[in-house]
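Chain residues, written in single-letter form:
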Number of protein chains: 2
Amino acid sequence: MTNDTNVTWHEHRVSRDDRERINGHRGCVIWFTGLSGSGKSTLANILDHMLCERGVRTAVLDGDNVRHALNAGPGMLRETHGEAFAERFGLGFTAIDREENIRRIGAVAQLFCETGVIALTAFISPYRLDRQRVRDTMREGDFIEVFVDTPLEICEERDPKGLYKKARAGEIKHFTGIDDPYEAPEAAELVLHADGERPPEALAVEVIEYLISRGILPANRPATAH
Amino acid sequence: MTNDTNVTWHEHRVSRDDRERINGHRGCVIWFTGLSGSGKSTLANILDHMLCERGVRTAVLDGDNVRHALNAGPGMLRETHGEAFAERFGLGFTAIDREENIRRIGAVAQLFCETGVIALTAFISPYRLDRQRVRDTMREGDFIEVFVDTPLEICEERDPKGLYKKARAGEIKHFTGIDDPYEAPEAAELVLHADGERPPEALAVEVIEYLISRGILPANRPATAH
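Residues numbered from 1 in each chain as written. Chains lettered and ligands numbered in written order. Predicted model: local features only at pLDDT ≥ 70, side-chain atom pairs only at ≥ 80, totals over all residues. Heavy atoms only, no water.

This is how the line gets drawn: UniProt positions are given in the numbering used here, feature names are shortened, and annotations may be inferred rather than shown by experiment.
Under an unreviewed UniProt entry, the name given to chain A is Adenylyl-sulfate kinase, and the source organism is Thiorhodovibrio winogradskyi. The Sequence similarities (unreviewed entry) field of the UniProt record for chain A holds the comment "Belongs to the APS kinase family." Listed under Function (unreviewed entry) in UniProt, the entry text for chain A is "Catalyzes the synthesis of activated sulfate."

This is the structure we're talking about:
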């Protein structure tokens, strides 16, 4: 009898195509990369607002929602899971730990993408190889690398978290752009010149135009689609 | 001038409330737990279909989409990231590695939930403490533990992947229900008796009724909401 019942149990998933059809747009990962203070997070959030207004399904991944849980450091894990666990799994800031940080973010962004969502990620992600590895895990066209190309001088002048000042004073080591390299993308899908000359809203519109040109978003979608 | 421009840059996120309002339902995590072969994955996928038909935003997390990327083992990581990386970060099946496996799944489910999505997870997750820790990271009411309470005899008779046979033969060690414990929930939000007497569709409807009773789904939502 159990076997009889099993026959009727259909295991198939709701496909990505089904979800994209329901959503009225395709899923993808928009991977913002650039120096600290370049405007990645600001841009991601403005773009997110614009997309939500169009009825597009989105998710934003950035330090705020990733570092305190998924990619928690030893300090947090010690409190919840104990010393041995924290030592084994807590992410620090060594080269290999940063690699794992980006790898997991890529894996989660892909999970969102596979549910037909447009995932926006805002991490410095300074190394070409790390970004390439994320790209390699995705289907052709799913990974959209957006280089937020703000000159170091402007990032340092903005210094929203006071990190450049600390890095210059030697209080923070291995700070991207100061004593650690930023490897600019060689073939990003988009390069945004976020030097303050154009408002970030205009840069976000550039991304939307790109998404329309790639067929990820439908053209002329009404503002109130739902 | 850069500073002037910065003033207009609004950093605020699209809130969870906004997303839930757009979606027309709340986000939550439906955490299926139970023995191998209990029907967790089948149930999650049937429920997922039913929810999608109601226009509900969902995501399914299970071994199929988690173990090959986010929680990859050393074998896969060796190929993409090299030996040292694989050794440091590859997840195996030791107690502590299984703990981390569940912790990460919880963190990702929470990310989905925070974007107003109903995340369905289907993992044995045999230990009370691991499930409790996931619950503890979430807001009151967000974590809905669903115990798929299928007797071991039925799971073993089904044995869809032939794992019980291998465990009985000693070819697999530490197999839940055979030589490793399954700690049944003591206060699950829902207990489903998936012994084959009732079709899984009826069990999925039980979950939907629960979601409506908790105000997560609106009552009487039309089948074509979009």
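Read on, since the account is not over.
1. Some details on helix 11 (residues 200–213) of chain B
The α-helix advances 3.6 residues per turn, and as a result positions three or four apart in sequence lie on the same side. Residues and elements named next belong to chain B. Note the following rule: Strands here mean DSSP runs of E at least two residues long; helices mean DSSP runs of H or I at least four residues long; both are numbered from the N terminus. Expected helix span is taken as 1.5 Å per residue step, with the number of steps being one fewer than the number of residues. The criterion used for residue contact is that any of the two residues' heavy atoms lie within 4.5 Å.
Taking 1.5 Å as the rise per residue, helix 11 with 14 residues should run 20 Å; its terminal C-alpha atoms sit 20 Å apart, in good agreement. For helix 11, the elements touching its buried residues are strand 1 (28–33), helix 3 (40–53), strand 3 (118–122), strand 4 (143–148) and strand 5 (190–192). Gly215 occupies a position one or two residues after helix 11 and carries a positive phi of about 75 degrees.

2. Some thoughts on the sheet that holds strand 2 (residues 58–62) of chain B
Whenever strands of a sheet pair, they do so through backbone hydrogen bonds, lying parallel or antiparallel. Residue and element names in this part refer to chain B. Applicable threshold: When DSSP finds at least two bridges between two strands, those strands are taken to pair. With axes taken as lines fitted to C-alpha atoms, and helix axes fitted only over the stretch in contact, angles between N-to-C directions fall between 0 and 180 degrees.
One open sheet holds the 5 strands; their spatial order is 2-3-1-4-5, and the pairing between them is parallel. The open sheet terminates on both sides in strands that have one partner only, identified here as strand 2 and strand 5. Between one strand axis and the next, the sheet turns through 20 degrees on average, direction left out of account. Pairing of strand 2 with strand 3, which is carried by 5 bridges, proceeds in the parallel orientation. Residue pairing in the sheet places Ala59 in a bridge with Ala119 of strand 3. The sheet strands contacting helix 7 (residues 95–114) are strand 1, strand 2 and strand 3, and the helix crosses strand 1 at an angle near 145 degrees. Running over the sheet, helix 8 (residues 128–137) touches strand 1 and strand 4 and is turned about 155 degrees from strand 4.

3. Focus: the pairing of strand 2 of chain B
Quick note on the threshold: Only protein chains enter the accessibility calculation, which uses a 1.4 Å probe. A residue is then buried if its area is under 20% of the maximum for its type, exposed if over 50%, and partly exposed in between.
Of all 5 residues making up strand 2 of chain B, 5 are buried, and the element is well covered by its neighbours. Burial of the side chains of strand 2 of chain B extends over both faces: Thr58, Val60 and Asp62 of chain B are buried on one face and Ala59 and Leu61 of chain B on the other.

4. Details of the nonpolar core
Buried together is how nonpolar side chains tend to be arranged in soluble globular proteins. The cut-off we apply is this: Nonpolar cores are built from buried Ala, Val, Leu, Ile, Met, Phe, Trp, Tyr and Cys residues. Side-chain atoms within 4.5 Å join them into one set.
Ranked by internal contacts, the top residues of the largest apolar core, which has 42 residues, are Leu61 and Phe112 of chain A together with Leu61 and Phe112 of chain B. Mapped onto this core, the elements with two or more residues apiece are strand 1 (28–33), strand 2 (58–62) and helix 7 (95–114) of chain A together with strand 1, strand 2 and helix 7 of chain B. Residues in contact with Phe112 of chain B, not counting those within four places in the same chain, are Leu111, Phe112 and Thr115 of chain A together with Ala59, Leu61, Val117 and Ala119 of chain B.

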